[in-house]
Amino acid sequence: MWQIRIHGRGGQGVVTAAELLAMAAFMDGKYAQAFPSFGSERMGAPVVAFCRVAEGAIRTRETVTRPDVVIIQDPTLLHQVDLFGGLAPLGFVLINSTQTLDALHIEEFLSTLPLGHVCAFSATDLGLKYLKRPIANGPLLGAFAAITGLIRLASVESAIQQKFPGAVGEANRAAAREAFDVVTTSITEQRGIVHHAHAD
Amino acid sequence: MRMQIEGSQAVADAIALCQPEVIAAYPISPQTHIVERLSRKTKQGHIGRCQFLNVESEFAALSVLIGASASGARTYTATSSQGLLFMAEAVYNAAGLGLPIVMTIANRAIGAPINIWNDHSDSMALRDAEWIQLFAEDNQDAVDLHIQAFRLAESLSCPVMVCMDGYVLTHAYEPVDVPDAVQVNAYLPPYDPVQVLDPERPVSIGAMVGPEAFTEVKYFSHQQHLRALEVMPELVEAFEQHFQRRSGGLCSAYRMEDADIAVIAMGSVIGTIKDAVDELRNTGVRVGCVKIGCYRPFPKFQVSALLEKTTRVIVVEKDLAVGMGGIVSADVQSALQGRQISVHTVIAGLGGRSISTSSLKHMILEARAERLTEPYFLDLNKTVIEQELARRRDIRRAGPVAEHMLQTMNVIGTKVS
Amino acid sequence: MERTPFAITLDPNTSLANHTGNWRTIKPIYVDRLPPCNHACPAGENIQAWLYHAEEGAYEEAWQQLMQDNPMPAIHGRVCYHPCESACNRGHIDEAVSIHAVERFLGDQAIAQGWRVACAPRTGKNVLVIGAGPGGLSTAYHLARMGHQVTIHEAGPQAGGMMRYGIPKYRLPREIVDAEVARIQSMGVTIRLNSRVDDLEATMAEGRFDAAFLALGAHLARRVEIPGVDAKRVLDAVRFLRDMEGAARPKLGRRVAIYGGGNTAIDVARSVERLGMEPVIIIYRRDLGHAPAFASEITEAQDEGVQFQWLRRIAQGDESTLTVEEMALDEQGKPQPTGRFERIEADSVILALGQRADTGFLRRVSGLRVREDGTIEVDGTMMTGRPGIFAGGDMVPGEQSVTVATGQGKKAARHIDAYLRGSAYVKPEAHEPATFSRLNTWYYTDADASKQPLLNLVRRRSSFDEIVGGLDADTALLEARRCLSCGNCFNCDNCYAVCPDSAVIKLGPGKRYAINYDYCKGCGLCAEECPCGAIDMVREVK
Amino acid sequence: MDEAMTTERIKFYQTGTFTAGNRLLDEATRTVQSRLDRTNSLNSGHRACQGCGEALGARYALDAAMRASHNQLIAVNATGCLEVFSSPYPESAWQIPWMHSLFGNAPAVASGIAAALRAKRRDDVTVIAQGGDGATVDIGFGCLSGMFERNDDVLYLCYDNEAYMNTGIQRSGATPPFARTNTTQAVGEHPGNPIGNGKNVPRIALAHGIPYVATASVADLHDLERKVTKAIGVRGARYIHVHVPCPLGWGSDPAHTMKVARLAVESGLFPLFEAEFGKIICSTPIRRKVPVERYLELQTRFKHLFGPPQDTEALAAIQAMADDNIAVYGLME
């Protein structure tokens, strides 16, 4: 079972992200569960949502305290909230940021993770590019598919299209697609560098 | 159709399929998503000529339904927490008048301190209001229970509360098989009221009844609820025939065949308990789980029968009878009267505290080792308690407990746990 | 309804099993009370009853009801001084109901429409009536309705008595008198005119009369001597008014003085006025407040130019003047001479000092007792000392008026009828009075009394045309509807409506109500809200 | 009120339009209460006190409503005297479909019935909710306001007897100033109910802008029936506030129930008016104006005002209220 925790701010769509993830997983024939942190938080407050994906039925209802994946919608949350608490040793981290990992000063949390398990890219820029609005969810989900391989990009696109029919969904899908490509390339490069280094 | 869907939306879709004629609601978290969706569906004309009334309070919501139901309309509302308490007077009244109203309780704690998260304090507060109370284990259960609830309510002329854990179920996206209209119509006959406000055949509903007959009125009510215990299994059978799945029911067992420890609970925590049971079973602990699906009327004999081979029972409940202990466990104890069974009361999940598999496992093992205090508060933060007790010893005017405890815990922003 | 919830759902109307009447300590009962108008009417008219019909526009029913008591409504509607209106409770609210106007309207309608009354089958009894004045006509009428044969002997050339010879035409047109008399005749009453009875017993024997009613009227004038004035220049009112009925007008000088303060004096003055004499002066020993004439008459006379010399006594006179002495009222209201004199120009004097009946011939009838003033003593049944002979009108002691005479005629007829049957007439016990304080007047619509049209002054001074006009049908209807129905249920439904326990049973249109004592809690609202005071609350005896 | 009209009475009849019946009026102009075939919606055998104004008011209003609705009527009743005396098991005095739920929810229950009827396409049935002043101006006020605000198709009838009579005469938001109740005793520095308290619910109803608002009195049956009949012909939320004396609570003679109610109107203390869509359109003129003392002196709840010593200040204050009403509502023609 995969457990995913999504951090963001109220109004940025963490619940939608969790829901879309679950839907995509469902389309892949998996079992999924998505739920918010049930807060009464207002716009801008730090919020969190959860998702579980499994091959069989999911019964547990507890919040995700030991995530396999952490998605960070808003990099300004870094150093404010314990974003990486309980992260599995072989877990994944996806960060929406224009800055590089180095610039974010989070190596101490992530240094133990395998190569290619951490990805920082500007989902917001992609959102602006395709949707003319700073919406990061589509690109993040595309990136999630790329980084984890847990769900197919096609399922992500279907989930987006189902949730947002019409032009908005179409733009989101395009953003997700580009994010998927960008992240896939980035990971391949990371791994390539590593392989290259090992080869040395 | 099986779909990945939010619990509230699935329930709203199921309600819509039951074709209520009058819905009245007042918003309160976490019930809102249900009524929002029903409002939309009503406005779109998806529920026949159903009338959706935006009322000024929960008290009005249920009162509207009292009138509508007495006029022969199928009626529905949903509420939570303070909302249920605010309508409390009408809750009793609807039952007393024998009106088959169906109401969803998106279970939530009761303040003060104000708390919007899940526990069962609300429906527990009104457990003796003469409503049938059903508890949903998951969202599939929630959907199915609502469909059963209308048939149950209308066949007995008695209101039914379907309790589903707030946020945990209402806001959770999970796969649910939402039936179609043909299926629901085949299962749920049109509402044929036993009494109706009709100018052609006037009756006076809601008489004042004095000491000479009040006891008898209540006796009949009790008999009616006992009859529900017979009717409900029949409805479950019928439901299975129509929908090809088993849902609802008075109570059910999980891995109880040879269990000498049983964990009894209601609602969404059952899933987590099942995980804990499985994990402990893997280590050789003979533990099982009993779900109570119908809390009122309380299926005494059925629960007792499921615990035939058990020597130890742990009742995990999301409520607290302050000054007394458990509420459900008291009922379980009464069901097990005369039997040599240890009954533990575990208070868990109050105000939305997450109940983890690991805590449950620990609790079971501690119970087995006879190390549980009574009642046992799951995951109680002992450090906070001790600091607060110390503070109160020092200062006479200690002020509100909640505020100081939050200060002690240094809660800032979102706490992830 | 067997599936409905036990006890909390009830069948409708089941409270009828709960007889809340046992809460009651006092209970309402319907009563009829004597309305003040009826009580005051000298003719004993059931005014309220006929107004009740008139209110509905049922004029013939109203007239028939009226005719139960009074055979001459058209006359009475004109000349009665209507004590009913003085007593009318409506006077406490705004103005009394103009009963006379409605009565006149009904009387005129009856004449115009030729309405008739029904008579009982003939009894074979014969009754002699002497005098075709109001008393005689009334008795004859009532006896005829009862089935008796009546013959009236009238000394004069025309029937009507004082109605013809005492009341000027401008107040009572003669065709009205003729019509109402004719109607009585049409009922089988024989009137022998110019038939003076000198020997009563002989007349009775001759006509085989079983009883007689004497109603001679007061045709003898009281006279005084005025020193210095030629007797030829002194007339009496009776003679003057009788002469007015003749072809030739009485001869008077240019300036006429009338001596007296009663209605006759006014009648005479106003008649003289119409003959073109002026100024007409009325001389009276007392003042306006003590004059027996009705204020309205005095006012009308003044309007027409009649002058009044109050507190004056005619002391003496000569050919063209009168010397009058100023009077002053003493503590008893009696005029006393002051010794101050003045002169008034006058060519002739008409004395209007009162009249009496000419009853001298009756002194011969055994058993009859004739008083010094000429009146006949009668008992409570109007019977004289001679069995079978009754008397009424101006010739018996008491008030003298057309209406009083008419009422006495009715009363006498009842006793004569009883006498003829060998029984006694017992007057039904009168109801308790319907006093104003028992009314709940809030419920009555504000409505001022209707005004009868008046002839303009020029015509009044120059002709004998009737002064007062009648009401038209609409106005008569509205006027009738001003009646408060004091003391008698008029089916207003108030009791039926205001009972919080629905314990008043409405018996149907016009049939009044009954109390359902099974449910009446005795709150008294019905009695309190009855506009006309027709419900009493009485102690419950259980 | 400049453009407002006053109601016209039929004049020049023996009793005009003041008595219940009048054989001289055509059938249509007579009151429903005068009819042999009136419904007696609230029938005999109920357990109201002697001379109960509320029992009268209810029968008046409902019978008129029955007639106007062609007997297609459903009535809801808030808890209170009317409910208790009319429907104690095993006997009901109601002849119409009738329901009692709670003290504070009658408007909402009625809204529910109206909604059910709408769902069932029964647009021929009228829904009436009724309650005393306690149920209306106090505990059920929220539901009432909600019903108004949604413009639910309900005619709400408040039978105002100016205190909680059912529970034994305690003060309500409709209790008039200076009145003695068992929670505003005639003791202390300011005996009786404080002046300046309370609320004018007809005016608050008016402020909701609902299609029809009226005040009526049991003392004026024609006016009351006309208003009920008019209200039945209107769809949406309607409110009629009926003044009903309570002999027990007011300390008046049971036989004086109508008289007291009448004097309330005639003094100007209880103005009769009508409003449509938030605007006053009509008032019923006072027939015979009386000083407020005439009204007050019949009730022991005001006895303390008459001393000794007489509380002239209080009496003047009450008179000022009456005069104000007369001016505001144009009660003198």
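Our structure is the block above this text.
Residues numbered from 1 in each chain as written. Chains lettered and ligands numbered in written order. Predicted model: local features only at pLDDT ≥ 70, side-chain atom pairs only at ≥ 80, totals over all residues. Heavy atoms only, no water.

K.L.:
Could you clarify how one ought to interpret the packing of aromatic side chains in this entry?
P.N.:
Aromatic ring pairs are reported here in terms of the distance separating the ring centres and the angle at which the planes meet. In this structure the tally under the stated criterion is 27 aromatic pairs over all chains. Grouping aromatic residues by their ring pairs yields a cluster made of Y219(B), F220(B), F6(C) and Y89(D). Sitting above the plane of the Y496(C) ring, R38(D) keeps its charged end 3.9 Å from the centroid. The lysine or arginine in question, K199(D), covers the ring of F141(D), its NZ or CZ lying 4.4 Å from the ring centre. (Phe/Tyr/Trp six-rings, centres within 6.5 Å; stacked < 30°, edge-to-face > 60°. Lys NZ or Arg CZ within 6 Å of the ring centre and 35° of its normal.)

K.L.:
How should I be thinking about unusual backbone geometry in this particular structure?
P.N.:
For residues that are not glycine, phi is negative in most cases, and the peptide bond is trans in most cases. Geometrically, the link from S29(B) to P30(B) is a cis peptide bond, its omega value of 0° lying close to zero. Among the secondary structure elements, P30(B) is positioned in the loop between strand 2 (22–25) and helix 2 (32–43). Here the amide bond leading from G307(D) into P308(D) is cis, since omega sits at 10°, within 30 degrees of zero. Relative to the elements of secondary structure, P308(D) occurs in the loop between helix 10 (292–296) and helix 11 (312–329). Backbone geometry places H105(A), a non-glycine residue, at a positive phi of 55°. Counting through the fold element by element, H105(A) comes out in the loop between helix 2 (101–104) and helix 3 (107–110). By relative accessible area, H105(A) is classed as exposed at 54%. (Helix = DSSP H or I, 4+ residues; strand = E, 2+ residues; numbered from the N terminus. Buried < 20%, exposed > 50% of the residue type's maximum accessible area, 1.4 Å probe, protein only.)

K.L.:
Can you help me understand the interface of chain D and chain B in this one?
P.N.:
For an interface, size is often stated in terms of accessible area lost upon the parts coming together. In this assembly, 39 residues from chain D lie in contact with 38 residues from chain B. Between chain D and chain B, a total of about 3000 Å² is buried, with carbon and sulfur atoms accounting for 61% of that surface. By the criterion of area lost to chain B, the three top residues of chain D are Y89(D), M99(D) and L102(D), representing 19% of everything that side buries. Taken together, the connections running from chain D to chain B amount to two salt bridges. Between K120(D) and E21(B) there is a salt bridge, with its nearest N and O atoms 3.1 Å apart. The interface formed by chain D and chain B holds 17 residue pairs in polar contact (both at pLDDT 80 or more) in total. For the side of chain D that touches chain B, the secondary-structure elements that each account for two or more residues are strand 2 (73–77), helix 2 (81–86), strand 3 (98–100), helix 3 (106–119) and helix 5 (141–149) of chain D. When residues in the side of chain D that touches chain B are grouped by element, the largest group, nine residues, is from helix 3 of chain D. For the side of chain D that touches chain B, the residue count by class is 20 nonpolar, 13 polar and six charged. Pairing geometry for strand 9 (residues 204–205) of chain B and strand 3 of chain D, over two bridges, is parallel. (Contact = heavy atoms within 4.5 Å. Buried area = accessible area lost by both parts, 1.4 Å probe. Salt bridge = Lys/Arg side-chain N within 4 Å of Asp/Glu carboxyl O. Polar contact = N/O pair within 3.5 Å; in protein donor to acceptor, adjacent residues only side chain to side chain. Nonpolar A, V, L, I, M, F, W, Y, C, P; charged D, E, K, R; others polar. Pairing = 2+ DSSP bridges.)

By themselves, these figures tell us nothing about what the structure is for.
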